[in-house]
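The residues making up each chain are set out below.
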Amino acid sequence: MKFADLHLHTNYSDGTYTPEELVEKAVGAKLSCISITDHDTVGAIPEAMAAANASGIEILPGIEISCEYELREVHILGYLIDYKSSELLKRLETLKENRISRIYKITEKLNALGIGLKAEDVFSVANGATVGRLHVARAMVLKGLVKTVSEAFNRYIGDSGPAFSLGFRFTPEEAIKFIHDNAGVAVLAHPYIIKDEELIFKLIGLGLMGLEVYYPEHSQGEINFYLGLAKEYNLLVTGGSDCHGSAKPQVRIGSIKIPYDLVEKMKEVRGRLS
Ligand code: AMP
Ligand code: ZN
Ligand code: FE
Ligand code: FE
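Everything numeric here is computed off the predicted structure, so don't read it as measured data. (Residues numbered from 1 in each chain as written. Chains lettered and ligands numbered in written order. Predicted model: local features only at pLDDT ≥ 70, side-chain atom pairs only at ≥ 80, totals over all residues. Heavy atoms only, no water.)

Caption draft 1: Geometry of the overall build of the protein chain. A tally of helices and strands in the protein chain yields 10 helices and 8 strands. Relative to the globule expectation of 19 Å for 274 residues, the C-alpha radius of gyration of the protein chain, 18 Å, shows essentially globular dimensions. Evaluated residue by residue, the protein chain yields a buried proportion of 54% over its 274 residues. Taking the contacts inside the protein chain whose residues are at least 6 apart along the sequence as the reference set, 70% of them involve residues at least 24 apart. When the accessible surface of the protein chain is split by element, carbon and sulfur atoms take 51% of a total near 12,300 Å². Within the protein chain, the 36 negative side-chain charges are centred at a point lying 3 Å from the centre of the 30 positive side-chain charges. (Helix = DSSP H or I, 4+ residues; strand = E, 2+ residues; numbered from the N terminus. Rg over C-alpha atoms; globule rule 2.2 N^0.38 Å. Buried < 20%, exposed > 50% of the residue type's maximum accessible area, 1.4 Å probe, protein only. Contact = heavy atoms within 4.5 Å. Areas by Shrake-Rupley, 256 points an atom, 1.4 Å probe, with all protein chains shown as cover. Lys, Arg positive; Asp, Glu negative; His and termini not counted. Charge placed at Lys NZ, Arg CZ, Asp CG, Glu CD.)

Caption draft 2: Up close: the coordination of the zinc ion (ligand 2). Of the protein atoms, only Asp 14 (OD), Asp 14 (OD), His 39 (NE2) and His 244 (NE2) coordinate the zinc ion (ligand 2), at distances of 2.0 to 2.6 Å. The site at the zinc ion (ligand 2) holds 6 donor atoms, and with the angles between them running 52 to 162°, its shape is irregular. Between the zinc ion (ligand 2) and the iron ion (ligand 3) there is a metal-metal distance of 5.8 Å. With Asp 14 in the loop between strand S1 (3-8) and helix H1 (19-28) and His 39 in the loop between strand S2 (33-36) and helix H2 (45-55), the pair connects residues that are 25 residues apart, well separated along the chain. This pair shows no difference in class: Asp 14 is buried, exactly as His 39 is. (Donors = N, O, S within 2.8 Å, 3.2 Å for Na, K, Ca; no water. Tetrahedral: all angles 85-135°; square planar, octahedral: opposite > 155°, others 65-115°.)

Caption draft 3: Structural view of the coordination of the iron ion (ligand 4). Taken together, the protein donors to the iron ion (ligand 4) comprise His 7 (NE2), His 9 (NE2), Glu 64 (OE) and Asp 242 (OD), at separations of 2.0 to 2.2 Å. Note that the iron ion (ligand 4) binds 4 donor atoms; their angles at the metal cover 78 to 164°, and the shape is irregular. In this structure, the iron ion (ligand 4) lies 4.5 Å from the zinc ion (ligand 2). Of this pair, His 7 sits in strand S1 while Asp 242 sits in the loop between strand S7 (236-239) and strand S8 (258-259); the two residues are 235 residues apart in sequence, bridging distant segments of the chain. Judged by relative accessible area, which is 0%, His 7 ranks as buried.

Caption draft 4: Here's a closer look at the environment of Ile 204. Here Ile 204 shows up in helix H8 (residues 197-205). In sequence terms Ile 204 and Thr 94 are 110 residues apart; their C-alpha atoms lie 26 Å from each other. Not counting residues within four places of it along the chain, the set of residues in contact with Ile 204 comprises Tyr 233 and Leu 235.

Caption draft 5: Looking closely at the environment of Arg 270. Examined against the element boundaries, Arg 270 turns out to sit in helix H10 (residues 261-273). A relative accessible area of 26% means that Arg 270 is categorised as partly exposed. Considering only alpha carbons, one finds Arg 270 and Tyr 79, 191 residues apart in sequence, at a separation of 9.2 Å. Not counting residues within four places of it along the chain, the set of residues in contact with Arg 270 comprises Leu 80, Ala 183 and Val 185. A distance of 2.8 Å separates a polar atom in the side chain of Arg 270 from the backbone oxygen of Ala 183. (Polar contact = N/O pair within 3.5 Å; in protein donor to acceptor, adjacent residues only side chain to side chain.)

Geometric descriptors of this kind do not, in isolation, establish any biological role.
Structure representation (structure tokens):
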């Protein structure tokens, strides 16, 4: 049997593994196929593919696009996208710049709360990656402002925290169109976070093609529920660990392994698109 983990981050976004390290860990976890789904970037994919060539692991091109829906974060995964398209890369560059502006907003809010963190402290942790809240949290730990990443989210930068800022985001509609226009398959990431069936139906109407059914935080009840939805609406089923390396040490690569059949089904559906 072949298995895949289709939700992984590298140090091109807020994970800590380099693409080469991630491939090495994937071999160790006995995976046949992985997808790198960095936030708003495809930068790690060419490097990962080069590293995977030697080890025989398959890299499925992917991305996780952060969207805003009624002031909430919604993450849409894009699989099998044309990661080399210059149009795509140009558009992603603007998302990366937006993320930089957002860090200034977050650090201003932290400063107003008496927390002495500079945007530059965050950028030095991110080291050129698409910068996000996990980098903010790690910078806060480094500076001794909080003890753990979780404390940073719980007290300050979580979705309803006093220093939260969303920044500019695609709408889910734009993200789905963006993925589709670049030959990709749009899948809703970790649906339990939004807990909103109406929104899922809306996204299906906009061209959503799959649900990330298998996810570490999903209970068996949720898995069954999303499997049911996928069946009823003829959606693809995907899954992955959402490993971020040592930034979230409790989540290991391969802690979710899905049968490779699901990857084949995705390719089949994608093949019918073009
Ligand atoms: P951002 O894209 O900057 O909004 O950050 C979103 C990322 O922050 C998620 O993909 C997770 O990696 C991380 N994150 C969100 N909430 C939490 C939390 N409560 N604890 C730890 N990490 C979190
Ligand atoms: Zn992340
Ligand atoms: Fe996510
Ligand atoms: Fe993720």
